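Residue-level structural notes
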Number of protein chains: 2
Amino acid sequence: MVSKRTLTNLEYALLGLVNQAPQTGYQLCKIFETSPIGHYSSSPGSIYPALNRLEKRGLLHARVERQSTMRPRRVFSVSQDGRHSLREWVTAPVDKNVLFRDEDGVMLRFAFMDAFLQPAETVAFLQQLSDTTSDLIADLNRHHQEISRASEAHTATGTLALEYGISSYRNLARWAKRTASKVANKN
Amino acid sequence: MVSKRTLTNLEYALLGLVNQAPQTGYQLCKIFETSPIGHYSSSPGSIYPALNRLEKRGLLHARVERQSTMRPRRVFSVSQDGRHSLREWVTAPVDKNVLFRDEDGVMLRFAFMDAFLQPAETVAFLQQLSDTTSDLIADLNRHHQEISRASEAHTATGTLALEYGISSYRNLARWAKRTASKVANKN
DNA sequence: AAAGGCATGTAAGGTGTTACATGATTGT
DNA sequence: ACAATCATGTAACACCTTACATGCCTTT
């Protein structure tokens with residue numbers, strides 16, 4: 001049994017990008033700089049160490065070019081184990097607590113999903129996401145009622161911020177349903 | 001000139017909560033456990049060290065009860081410096097990059113805002129938030145067009161995830177405007 | 001007198017951030 | 001020859017997470 005340690009979102013993002021096409025660390029840095037993938041700063045200082053970790057764990061394989069020089073160039077590609085890890089990550093159930101604590105991570109999974117899943121499976125994921133989100137909304141509504149009933153030292157803007165949170169998840173649920181139809185109708 | 005080091009969101013959250021009412025570390029732990037404030041796990045292992053840091057920097061003051069025993073109890077309240085820090089944090093302009101990288105932090109600022117600002121100032125903040133969000137949406141739309149035009153190795157779900165991001169900021173802009181009216185109409 | 005909630009803390013480990021350092025290649 | 005860009009890496013630092021340890025107080 002391989003070590004079950006889970007990866008960070010950054011590591012999964014790298015794995016997912018390399019899975020789309022083999023890349024060097026520098027190219028991956030550029031992608032993070034120029035595209036809104038995740039909300040990381042993601043400078044070389046985090047990316048190269050992450051790539052090295054992934055290589056050490058055997059999820060990524062590096063083909064070394066310019067080998068003789070002191071500044072070799074490494075082109076990464078995803079190994080079997082890496083693809084397996086990615087698939088497990090992408091297909092994991094959408095847990096309510098995970099959704100609450102790490103919505104970015106859930107969307108990251110979705111973004112890399114179509115390298116692994118059939119449209120029908122993607123639709124199922126979106127349906128599950130929509131359901132879990134509804135559960136979360138119910139929780140937040142309960143909390144909203146509680147702080148309204150007991151007029152605590154809870155501030156006005158505090159309540160309004162909570163309402164934003166709720167509207168935010170409503171938007172997620174709407175998007176998930178809309179997108180599920182889109183994907184389904186493309187066959 | 002006092003050290004300008006900025007605090008973490010957790011530290012600001014603690015400062016803001018203690019500003020609403022003096023609290024012990026344990027009570028603050030309970031608040032994080034039972035309410036959807038921020039998306040932290042926020043167990044004792046992060047809260048107590050954070051409180052100690054804030055005390056060391058003179059932003060929080062602890063009144064010690066049960067002093068003679070080996071397990072004293074500390075009730076925290078916010079110092080002048082602490083209130084000043086909070087006010088500066090809350091009233092800082094809404095920067096586009098900050099909004100993109102740390103939306104939670106911006107909403108946290110809003111949640112603690114009414115301890116410091118008049119309704120009119122809160123409305124101004126929301127207006128600024130709405131404008132900055134529109135800028136961000138424009139950026140994301142540009143990026144969306146780019147990846148549509150150049151049909152790269154960009155995946156279908158990747159594009160859909162980007163669309164979620166855009167819808168998400170649209171929802172934020174809507175909320176900001178709606179909430180601005182609400183606050184304005186309450187005088 | 002035992003249980004459970006109140007209350008505070010430490011230690012190990014991993015990760016992200018910033019800033020810095022360095023070498024290779026390409027274009028002008 | 002020089003600058004810009006390609007390309008990789010390290011070091012210091014701070015923070016969060018998890019797990020663990022400990023003691024006080026109230027209720028039964």
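These notes cover the structure that comes with them.

**A word on the overall build of chain A**
Helix and strand content of chain A: eight helices and three strands. Its helices and strands taken in sequence order, chain A reads α-β-α-α-β-β-α-α-α-α-α from the N to the C terminus. The C-alpha atoms of chain A give 20 Å as radius of gyration, which overshoots the globular expectation for 187 residues (16 Å, by more than 25%). Overall, chain A is about 70 × 45 × 35 Å in size when its C-alpha atoms are taken along their principal axes. Expressed as a percentage of its 187 residues, the buried residues of chain A come to 45%. Taken as a whole, chain A presents about 10000 Å² of accessible surface, with 51% of it coming from carbon and sulfur. Distance between charge centres in chain A, computed from 24 positive and 18 negative side chains, equals 6 Å.

**Concerning the protein's contact with DNA strand D**
For DNA strand D, the set of nearby residues contains 23 residues, the closest of which are Y26, R71, R73 and R74 of chain A together with R71 of chain B. Within 4 Å of the protein, the atoms of DNA strand D are drawn from sugar and phosphate moieties in a proportion of 67%. Measuring from a phosphate oxygen of DNA strand D, one finds a side-chain N or O atom of Y48 of chain A at 3.0 Å. Elements supplying a minimum of two residues to the surface near DNA strand D: helix 2 (25-34), helix 3 (44-56) and strand 3 (73-78) of chain A together with helix 3 (44-56) of chain B. Counting residues per element, the surface near DNA strand D draws most heavily on helix 3 of chain B, which supplies three residues. Residues that form the surface near DNA strand D fall into these classes: five nonpolar, nine polar and nine charged.

**Quick look at the packing of aromatic side chains**
The full count for this structure, using the stated rule, is 10 aromatic pairs over all chains. Relative to W89 of chain A, the ring of Y12 of chain A lies with its centre 4.3 Å away and its plane at 0°, an arrangement referred to as stacked. Remark: W89 of chain A occurs in helix 4 (residues 80-91) and Y12 of chain A occurs in helix 1 (residues 9-20); sequence separation between them is 77 residues. The class for W89 of chain A is buried, based on a relative accessible area of 11%. Consider the rings of W175 of chain A and Y164 of chain B, whose centres lie 5.2 Å apart with planes at 55°: the pair is tilted. Taken together, the residues span two chains, with W175 of chain A in helix 8 (residues 156-185) and Y164 of chain B in helix 8 (residues 156-185). Both residues of the pair, W175 of chain A and Y164 of chain B, count as buried. An aromatic cluster of at least three residues, connected via ring pairs, comprises F110, F125 and W175 of chain A together with Y164 of chain B.

**A few points about the pattern of salt bridges**
Inspection of the entire model under this criterion finds 16 salt bridges over all chains. The salt bridge partner of E65 of chain A is R73 of chain A, with a shortest N-O separation of 2.9 Å. We note a salt bridge from K182 of chain A to E163 of chain B, for which the minimum N-O separation is 3.1 Å. Within this pair, whereas K182 of chain A is found in helix 8, its partner E163 of chain B is found in helix 8, the two belonging to separate chains. With relative accessibility at 24%, the residue E163 of chain B sits in the partly exposed group. Residues joined by salt bridges that share partners form a network here, namely R63, E65 and R73 of chain A.

**Focus: the relation of the copies chain B and chain A**
The two copies are related by a screw operation: chain B maps onto chain A through 180° of rotation and 0.0 Å of translation along the axis, at an RMSD of 0.0 Å. Expressed as an axis order, the relation between the two copies is that of a two-fold axis. The residues that chain B uses at the interface reappear at the interface of chain A in 100% of cases, marking a shared surface.

**Remarks on the pairing of strand 3 (residues 73-78) of chain B**
Regular strands have side chains that alternate between both faces of the sheet. Residues and elements named next belong to chain B. Note: strand 1 (residues 23-24) against strand 3, two bridges, orientation antiparallel. Within strand 3, the position partnered with Q23 by the bridge is F76. Where strand 2 (residues 60-65) and strand 3 come together, six bridges link them in antiparallel fashion. From the neighbouring strand, V64 faces strand 3, where its bridge partner is R74.

Thresholds applied
- Residues numbered from 1 in each chain as written.
- Chains lettered and ligands numbered in written order.
- Predicted model: local features only at pLDDT ≥ 70, side-chain atom pairs only at ≥ 80, totals over all residues.
- Heavy atoms only, no water.
- Helix = DSSP H or I, 4+ residues; strand = E, 2+ residues; numbered from the N terminus.
- Rg over C-alpha atoms; globule rule 2.2 N^0.38 Å.
- Buried < 20%, exposed > 50% of the residue type's maximum accessible area, 1.4 Å probe, protein only.
- Areas by Shrake-Rupley, 256 points an atom, 1.4 Å probe, with all protein chains shown as cover.
- Lys, Arg positive; Asp, Glu negative; His and termini not counted.
- Charge placed at Lys NZ, Arg CZ, Asp CG, Glu CD.
- Near = heavy atom within 4 Å.
- Polar contact = N/O pair within 3.5 Å; in protein donor to acceptor, adjacent residues only side chain to side chain.
- Nonpolar A, V, L, I, M, F, W, Y, C, P; charged D, E, K, R; others polar.
- Phe/Tyr/Trp six-rings, centres within 6.5 Å; stacked < 30°, edge-to-face > 60°.
- Salt bridge = Lys/Arg side-chain N within 4 Å of Asp/Glu carboxyl O.
- Least-squares fit on C-alpha atoms with pLDDT ≥ 70 in both.
- Contact = heavy atoms within 4.5 Å.
- Pairing = 2+ DSSP bridges.

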